[in-house]
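Fold and geometry: a report
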Amino acid sequence: MSDSDGKKTLGLRGGPRSGNVKQSFSHGRTKNVVVETKRKRVVVPKPGASKPAGVGGKPAAGDPSKRPAGISDAEMERRMKALAAAKAREVEETAQRAAEEKAREEERQRRREEAETKEREEREREEALKAKAEEEARQKRETEEAAKRAAAAAAAPAEAPAAARPAAKPAPAKQPERKQTRDNERGRPSRGRGDDNRRSGKLTLNQALSGGGGRQRSMAAMKRKQERARQKAMGGAVEREKIVRDVQLPEAIVVSELANRMAERVAEVVKALMNMGMMVTQNQSIDADTAELIIEEFGHNVVRVSDADVEDVIKAEEDDEGDLKPRPPVITVMGHVDHGKTSILDAIRKAKVVSGEAGGITQHIGAYQVTTEDGAVLSFLDTPGHAAFTSMRSRGAQVTDIVVLVVAADDAVMPQTIEAINHAKAAEVPMIIAINKCDLPAADPDKVRADLLQHEVIVEKMSGEVQDVEVSAHTGQGLDELLEAIALQSEILELKANPDRAAQGAVIEAQLDVGRGPVATVLVQTGTLRQGDIFVVGEQYGRVRALINDKGERVKEAGPSVPVEVLGLNGTPEAGDVLNVTDTDAQAREIADYREQAAKDKRAAAGAATTLEQLMANAKADENVSELPILVKADVQGSAEAIVQAMEKIGNEEVRVRVLHSGVGAITESDIGLAEASGAPVMGFNVRANAPARNAANQKGVEIRYYSVIYDLVDDVKAAASGLLSAEIRENFIGYAQIKEVFKVTGVGKVAGCLVTEGVARRSAGVRLLRDNVVIHEGTLKTLKRFKDEVAEVQSGQECGMAFEKYDDIREGDVIEIFEREEVERNLD
C-alpha cells in the first residue's frame, strides 16, 4: 500500500506505537514510511469436518474452490491418503513406545523387588546367625558358671542347716545381676566381629553370585595354613625334606632358567650370586663354572651338557648284517663340457625310459632311474657341476657309488677331465671310462687311453683295472655295453642298505618354487622316507608333505638309492646337506636352531678380529682394496653355490668381488632395496624379477642382469672388477738433450741452450735433469724455443732453448731426459 491511494492504513489496534517510521539519511535527508501490520488468518475446522468420508467410503477430494490452484482430484486424493497413512504410523509408533516404556518399567520393578528380597534374605540370615552365635555363647557361659559353682560347692566346708538357709535366701537377688552381666556381654561388639571373622573364610552362594569380597585365599594357601596349624599342635614345625635334583648345565645359562631347573626361587639364586660378588638380574646369562658353584651351594647335582648334544638323537647307528638288503647303485656322469656328457644321458633316457614320462621333470630333478634289459635298476645323478660335487664331498655326503668319466675320442683329455679324475679319486669311488664320439672320422680311442695313463688311470685294454667302453651318443653304439659295465661294477661293490630304519639321505639340489615353496631333491641312502616323517636337513627342518619321484608321480615312500622331491621344508637347504628323520617336531627344530646359531658364530668368528693388532692390520689391508658388491639370485641352490664360489676366486690384492646376498627364487623388492643401499647390481641366473621388483629397480636406478650361462656371468663380473683396477702407468723415453750453455733471460730466468742428441724433444712431455747420471729434478718444460720462436717439438741434431717450470739449478754439461707417460688398462686375466 502506498501513500497516494487515499485509503486508511491498517495499524495495531490499541497499540501505543505509531504507523509512521522516520528514516534519516546523509546530508540531512529524511523520509517517512507508512508501516502496516497484517494478522495471519487462522482457519479453524468445523466440528463435523474431521471425518471427510465421501460416498462409497472414498475420501472426499474437497471443494474445488478451496483447494490450492493446480491440484487435481487424483493428486488431492493421494495427498489425503499419505496424510492418513502418516497419522496411522504415528499412532502405531506412539503405542509401541508406550509398550516399550511399560516393559522397561516392569523390568526395573522386578529387579528392584529381587534386590529387596535378596537384601531381606541376607539380613534375616545374618540375624539368625547372630542369634545362634549369641545363644551358643550364652550356653557356654552358663556351663562355665555351673562348673565354677560346682567346684566352689565341693571346696566349701559343710555348715549347719541354719547357716545354709540364710545363705540361700539372697540367691534370687543375684539372678538379675547375672542376667544384666549376660546382657552386657551379649551387647559387646567385639563378639560379633570375632564371629564374623571366624566365618569370613567361608564362601556363600550370595557372595559367589555378587562377585564381591575382593581377593580370596587359594585352596593351596588354606592347606598350607592347616598344615602349619597341625604341626604347631603336634609340638613344633617339621622341616620339609630337601629334594636333590640333577640339573643339566649348558655352556651358558640364564639366571631365571637356572632357578627353574633347580626348582628354587629366583630371588634366592640372585641373592646367592650377589653374595659371590656378581650383580646380575634374572634375565642375564652366567657361565657354566659360576652356575656350577650356585648349584652345589643349593645342594643339587651338576650334569654338564653341551649344545652339540642335541645332535645325539641323529647319530649314525650300525645296522645288523641280517637287516641289510641290496640297493641300486648311484652313478654320476662327469666329464668335459663339450665331450657329450649330456648327449649320453639323453641317449640312455631315450633308450630306456618310456617316452614322455621324464620330460622336463628329469632335467629339473637332476636324478632319475633306469632299468636295464636284465632287470637291474640304476640311479643316475646329474650333479650341477664340479663345484657342487666338491662341496658335497666336503660335507661328507658320499652319495656317489660309481663315476662314469666321459672323454671325447676326437679331443682326448682336457683340463676339466683331469679335474673330474681328481674328484673321483678324492671321493674314492670306482671309475668307468666312456670314450664318446667314436663314430667321427677323427676319433682316436687309443690316444685317449694313452693320455689317461699320465693321470694314473689304466684301462683294461692296457692291463689295468678301470673299465672302458667305446660309445656314440649320436648312433647309440655301446650304450648297452656301458649299462652292463655299470651293472657289473655294482655287483662287485655289493651295495646294501637297511630299508627298515629312520631315513637318511643327501640333498642333490634345492630350489624355491613359486607354488610349492622350498623343494629339495633328496637321494635316500639308508632307511625309508615316508610321507608325514619329521626331518631336519642342514639348518632347515620340516615334515614331509609330499614325495614326487623322477617320473613326476606322487609316492608314499622312497627306499634306499631312490631320488625324490621332498615338499614341506621351512626354508631352502644347501646342496649336499644331510637329511635325517627325527622322532618329534621339537627335536628337529632344536637341531636346526643349533646348527643355524653355530653357522652364524662361525661366520662371525671368521670375519672378526680377535685382537686390536689384528683389527688394525685388517683395516690397513682393506684400505687399499676396492670391492665390487653384487647380489646373486639363482633358480636352484647348486647354481647359486657354484656362482658364489666362482665370485670368490675373482680378484687380487687390489680388487675383489663381495657377494652381499645369494639366494634361490625370483628377484624380489627386498633384493632391490639391499642392492640400492649397497650400490650393487643384481645378477639373476635363470630367474626373473617380479613386477614390484622391476618397478622398484626403475625408480631407484638398480641394474638387473639376467644370465643363463654361468661363464657369461663370470666374464661380465670379471670385466666389471677389472674396471676398478687402477690403470698402469708406463713411461716411454722419446729423447735426450745435452746442455751446451746456460743463459740468464730477464723475466724468464735461466734458459739452457741444448743440443738434442737422440730422439725428439716435445713441449708437452715430461723431463728429468741428470747430473753425473743422477736424477736431481723431474718436472715439465716452461718453454721450448727454436731460435726465437716457441715450437712444439725439436728433432734430433738440432739446437733449442729449454727452461724448466719452477727450477733454475741447471749447469753446463747436464743431460735432459725427455719422456711421455701413458695409462694402460689392466684386467684380472
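Scoring rules and cut-offs
Residues numbered from 1 in each chain as written. Predicted model: local features only at pLDDT ≥ 70, side-chain atom pairs only at ≥ 80, totals over all residues. Heavy atoms only, no water. Patch = residues over 30% accessible without salt bridge, like charges linked within 9 Å, V, L, I, M, F, W, Y side chains within 5 Å. Areas by Shrake-Rupley, 256 points an atom, 1.4 Å probe, with all protein chains shown as cover. Salt bridge = Lys/Arg side-chain N within 4 Å of Asp/Glu carboxyl O. Helix = DSSP H or I, 4+ residues; strand = E, 2+ residues; numbered from the N terminus. pLDDT = per-residue confidence, 0-100. Contact = heavy atoms within 4.5 Å. Axes fitted to C-alpha atoms, helices over the stretch in contact; angles between N-to-C directions. Left-handed = near helix turned anticlockwise from the far one by under 90°. Nonpolar A, V, L, I, M, F, W, Y, C, P; charged D, E, K, R; others polar. Pairing = 2+ DSSP bridges.

**Some thoughts on a nonpolar patch on the surface**
A grouping of L453, I458 and M462 is seen on the molecular surface, where their side chains present a nonpolar patch of about 230 Å² in accessible area. Within the secondary structure, I458 sits in the loop between α14 (445-453) and β13 (467-470).

**Topic: the confidence of the model for the chain**
Averaged over all residues, the pLDDT of the chain equals 79, while 78% of them reach at least 70. Low confidence marks residues 353-365, where pLDDT is under 50. Its contacts with residues over four positions away, or in another chain, come to 26 contacts. Long-range and interchain partners of residues 393-397, a stretch whose pLDDT sits below 50, account for 12 contacts in this model, where long-range means more than four residues apart.

**What about the packing of helix α8 (residues 266-275) against helix α9 (residues 288-297)?**
Where α8 contacts α9, the two axes come as close as 11 Å, and the packing angle between them is 115°. The hand of the α8/α9 crossing is right-handed. Of the residues in α9, those touching α8 at V269, A272 and L273 are T290, I294 and E297. Across the contact of α8 with α9, the residue classes tally to four nonpolar, one polar and one charged.

**A few points about the sheet that holds strand β9 (residues 367-371)**
As summarised here, the arrangement of the six strands in space is β9-β10-β8-β11-β12-β13, forming an open sheet in which the pairing is mixed. With one partner strand each, in any of the chains shown, β9 and β13 form the two edges of the open sheet. For this sheet, the mean angle separating the axes of adjacent strands, direction not counted, is 30°. Alignment of strand β8 (residues 330-335) against strand β11 (residues 402-408), held across five bridges, turns out to be parallel. For I331, the partnering residue across the bridge sits in β11 and is I402. Together, β8, β11 and β12 (431-436) form the strand contacts of helix α13 (residues 415-427), whose direction differs from that of β11 by roughly 165°. On the sheet, α14 packs against β11, β12 and β13 and is oriented at approximately 145° with respect to β12.

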